[in-house]
Amino acid sequence: MKRIVLILATCIAAIAPAIAASPKSAGTSAGVYTQAQASEGSRVYAVRCAMCHGGTLSGTVETPGLTGKFMANWAGRPVADLYDYLARAMPQPAPGSLSPQDNARLVAFLLEANGAPAGKAPLPADSAALRRIILQPVRPR
Amino acid sequence: MAFTSTRGPSSGRRTVLKGALGSVGALALSGRTFAAEPGAAPGMIQPGVKPHLTPMRVSLDQLIDMKCCIRPLRAAGPNLGTQMVGDRLVVHNYGHGGSGWSLSWGSAEVAVGKALSVLPESVAVVGCGIVGLTSAVVAQRAGLKVTIYARELLQRTRSFRASGSFTPSSRIALNGPAGPQFPEQWEQMARFSWKMFRTFLGLPGKPVEFSDSYGVSYTPMERRQWPADPAIGGSWETTGLPQQNSEFAHLDSRIRDIVPQSVNLSPEENPFDTPFATRSSHMHFNFPAYGHMLLTEFFERGGRFVMRNFHSPAEFADLPEKVIIHSTGYAAKDLWRDDTMIPVRGQTAWLVPQPEANYTLRFKNMSLLSKADGIVLMNNNPDLGDMLGVGDTNEIPNRAPFEEALAALAPIFAPLANRNARS
């Protein structure tokens with residue numbers, strides 16, 4: 001039993017640094033959006049996204065949820081992938097209709113909903129800049 | 001004609017069927033049905049006699065689901081071309097409009113054939129809708145090791161939001177961009193698929209089955225024609241969207257020699273007592289059994305599923321497989337930036353399954369198709385034809401047309417109910 005506990009502890013110790021915030025990294029765990037921006041994003045979400053993805057981001061059988069499995073689909077990639085996709089393909093009934101600012105607010109809201117911490121500077125509405133920020137997974141609460 | 005046998009001498013068959021019902025009921029209770037259900041009409045049809053039909057329960061309390069999805073119409077028809085991404089050969093197999101289920105086997109045969117031509121030992125299939133999954137199984141049957149990379153398994157893809165009947169030229173292409181060679185290619189895929197579907201008839205759970213489809217009317221029935229309207233100036237070529245019905249390819253007549261056509265019913269044969277009626281035999285797919293069957297074969301043959309979301313075609317070069325069959329359906333519009341993909345919205349409502357009412361009713365622009373997982377209700381605007389839903393990417397179901405259809409269809413069943421009450 002002790003051995004199992006030891007192995008588990010070792011595993012957690014090995015994984016933890018990868019999940020925890022790594023300071024000054026070009027990753028979302030460093031705090032790459034502001035709380036105000038995420039709050040604005042929640043309002044954009046309520047108007048433009050919630051009709052399909054649900055008020056709690058849970059999705060449906062047919063519409064993807066925006067937490068949990070969402071991270072498996074987007075983590076490890078530049079935030080620009082998500083930002084560009086939203087700009088091109090969302091909201092599905094009117095793709096391409098989000099302003100760059102609203103799109104950045106939405107991404108901030110989604111980062112917050114997926115456990116990434118807020119920081120001091122807002123997320124830029126700029127695909128090139130977002131290409132340098134990696135969306136990092138966060139251990140679920 | 002093989003199908004005329006369904007109308008053949010059957011005076012003794014009704015008794016036989018009734019006698020068999022006891023054992024069928026027992027099997028059904030165990031969750032497995034191996035023989036015809038009580039309402040399986042084909043064996044009961046006699047010329048000059050009204051078939052005994054169980055009325056469908058057409059009321060709001062029976063509503064169990066509403067589904068909406070985008071048909072992936074591609075202007076030139078399905079993309080079955082190839083291209084290189086890095087050193088990976090990508091074989092496309094997407095853009096089947098409202099005909100993905102119906103053409104799945106024939107289309108997979110073409111795509112897998114191209115993949116095989118470079119002698120791979122394994123292939124990747126990107127996408128797990130009906131076209132992707134069928135491509136995977138066809139590749140396995142050719143001896144290849146297959147990994148599917150997709151966001152979802154079949155049951156959560158757009159394919160599962162179809163109505164699921166054999167409609168091989170539904171929004172399959174536009175005449176102009178498809179070109180003169182397309183009808184021949186389509187016919188080959190449609191005939192191939194048709195024969196493959198026959199290999200699933202009668203299997204446990206009825207993944208594929210035939211049922212009778214009744215069209216009823218209070219006025220003489222005519223097949224609606226959509227001649228080109230010269231008053232409509234634009235077209236897909238000038239606007240990026242089709243502007244009228246005559247732009248759509250209608251190819252079903254090419255396979256009418258094997259696919260059952262409608263016959264007129266005399267008043268003595270019409271169970272609905274409307275002045276005009278037709279009957280045809282129609283093939284449909286029962287999603288739960290079909291999906292289970294195909295996935296079972298895929299995994300039993302050693303198939304592997306990897307949940308993966310692709311953000312750009314460049315990521316295909318990261319896959320370990322050197323040959324990739326790309327079957328992402330409507331998602332190809334964004335993933336592959338295929339601007340010739342045209343969304344065509346469609347929606348269905350589903351009523352509680354009623355296996356004893358195993359037939360289809362069509363009245364005006366509405367239809368009820370009885371399937372294993374429910375009765376599919378559709379209410380399509382008759383004045384729009386193929387243009388209905390074109391350019392519409394909204395996938396939220398609209399309940400109102402279903403409620404209207406239920407109200408309009410309920411009275412059609414009154415003669416059946418009255419006759420059953422008397423007998």
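Residues numbered from 1 in each chain as written. Chains lettered and ligands numbered in written order. Predicted model: local features only at pLDDT ≥ 70, side-chain atom pairs only at ≥ 80, totals over all residues.

### Examining the interface of chain B and chain A
At step 1: With 11 residues of chain B at the contact, the number on the chain A side is 14 residues.
At step 2: Of the residues contributing to the side of chain B that touches chain A, the split by class is two nonpolar, four polar and five charged. (Contact = placed C-beta atoms within 7 Å. Nonpolar A, V, L, I, M, F, W, Y, C, P; charged D, E, K, R; others polar.)

### Side note on the environment of H292 of chain B
At step 1: Along the polypeptide, H292 of chain B turns up in helix 7 (residues 287-300).
At step 2: Expressed as a C-alpha distance, the spacing of H292 of chain B and A414 of chain B, which sit 122 residues apart in the sequence, is 37 Å. (Helix = DSSP H or I, 4+ residues; strand = E, 2+ residues; numbered from the N terminus.)

### Points about the sheet that holds strand 2 (residues 82-85) of chain B
Residues and elements named next belong to chain B.
At step 1: Spatially, six strands are ordered 2-3-10-4-5-9 in an open sheet, and the strand pairing comes out mixed. The open sheet has two edge strands with one neighbour each: strand 2 and strand 9 (304-307). Neighbour-to-neighbour, the strand axes of this sheet turn through a mean angle of 25 degrees, independent of strand direction.
At step 2: Of the strand pairs in this sheet, strand 5 (residues 145-150) and strand 9 are connected by four bridges, and their pairing is parallel. Bridged to T147 within strand 9 is R304.
At step 3: Sheet contacts for helix 3 (residues 130-141): strand 4 (122-126), strand 5 and strand 10 (323-326); angle to strand 5, the most-contacted strand, approximately 165 degrees. (Pairing = 2+ DSSP bridges. Axes fitted to C-alpha atoms, helices over the stretch in contact; angles between N-to-C directions.)

### Observations regarding the confidence of the model for chain B
At step 1: Counting all residues, the mean pLDDT for chain B is 90, and 89% of those residues have values of 70 or more.
At step 2: Reported confidences for the modelled complex are a pTM of 0.86 and an ipTM of 0.81. (pLDDT = per-residue confidence, 0-100.)

### What to know about the packing of helix 3 of chain B against helix 7 of chain B
Residues and elements named next belong to chain B.
At step 1: Contact pair helix 3 / helix 7: the axes reach a minimum separation of 10 Å and the direction vectors enclose 40 degrees. When the axes of helix 3 and helix 7 are compared, the pair comes out oblique. Our pair here, helix 3 against helix 7, has a crossing hand that is left-handed. Counted together, L133, T134, A136, V137 and Q140 of helix 3 and L294, E297 and F298 of helix 7 form the full contact between these two elements.
At step 2: By residue class, the composition of the contact of helix 3 with helix 7 is five nonpolar, two polar and one charged. (Parallel < 35°, antiparallel > 145°, perpendicular 65-115°, else oblique. Left-handed = near helix turned anticlockwise from the far one by under 90°.)

### Brief notes about unusual backbone geometry
All names here are of chain A.
At step 1: A cis amide bond, omega -15 degrees, links M90 with the succeeding residue P91.
At step 2: Among the structural elements, P91 can be located in the loop between helix 5 (79-89) and helix 6 (100-113).
At step 3: For L57, which is not glycine, the phi torsion reads 65 degrees and is therefore positive.
At step 4: Considering the arrangement of structural elements, one finds L57 in the loop between helix 3 (50-53) and helix 4 (69-74).

### A few points about the nonpolar core
At step 1: In terms of nonpolar packing, the biggest core is built from 69 residues, with A115, V123, V125, A136 and I324 of chain B touching the most fellow members.
At step 2: It is helix 2 (residues 100-116) of chain B that contributes the most residues to this core, eight residues altogether.
At step 3: Other than its neighbours up to four places away in sequence, I324 of chain B contacts R88, V90, V123, A124, V126, F316 and L319 of chain B.
At step 4: Within the second largest apolar cluster, 28 residues are counted, among which are V79, M90, L106 and L135 of chain A. (Core = buried A, V, L, I, M, F, W, Y, C linked by C-beta atoms within 7 Å. Buried ≥ 20, exposed ≤ 12 C-beta atoms within 10 Å, placed from the backbone.)

### Brief notes about the packing of helix 2 of chain B against helix 3 of chain B
Residues and elements named next belong to chain B.
At step 1: Axis separation between helix 2 and helix 3 bottoms out at 8 Å; the angle between their running directions is 45 degrees. Taken together, the axes of helix 2 and helix 3 lie oblique to each other. Considering how the two elements wind past one another, helix 2 and helix 3 form a crossing that is right-handed. Between helix 2 and helix 3, the residues in contact are G100, W101, S104, W105, S107, A108, E109, A111, V112 and A115 and I130, V131, T134, S135, V138 and A139, respectively.
At step 2: Here the residues of the contact of helix 2 with helix 3 are counted per class, giving 10 nonpolar, five polar and one charged.

### Here we look at the sheet that holds strand 7 (residues 263-264) of chain B
Residue and element names in this part refer to chain B.
At step 1: Taking strand neighbours across the sheet as the criterion, the eight strands line up as 1-11-14-13-12-6-8-7 in an open arrangement whose pairing is mixed. Looking at which strands have only one partner, the edges of the open sheet turn out to be strand 1 (63-74) and strand 7.
At step 2: For strand 7 and strand 8 (residues 276-285), the ladder comprises two bridges, and the chain directions are antiparallel. Looking across to strand 8, one finds that V263 is bridged to R279.

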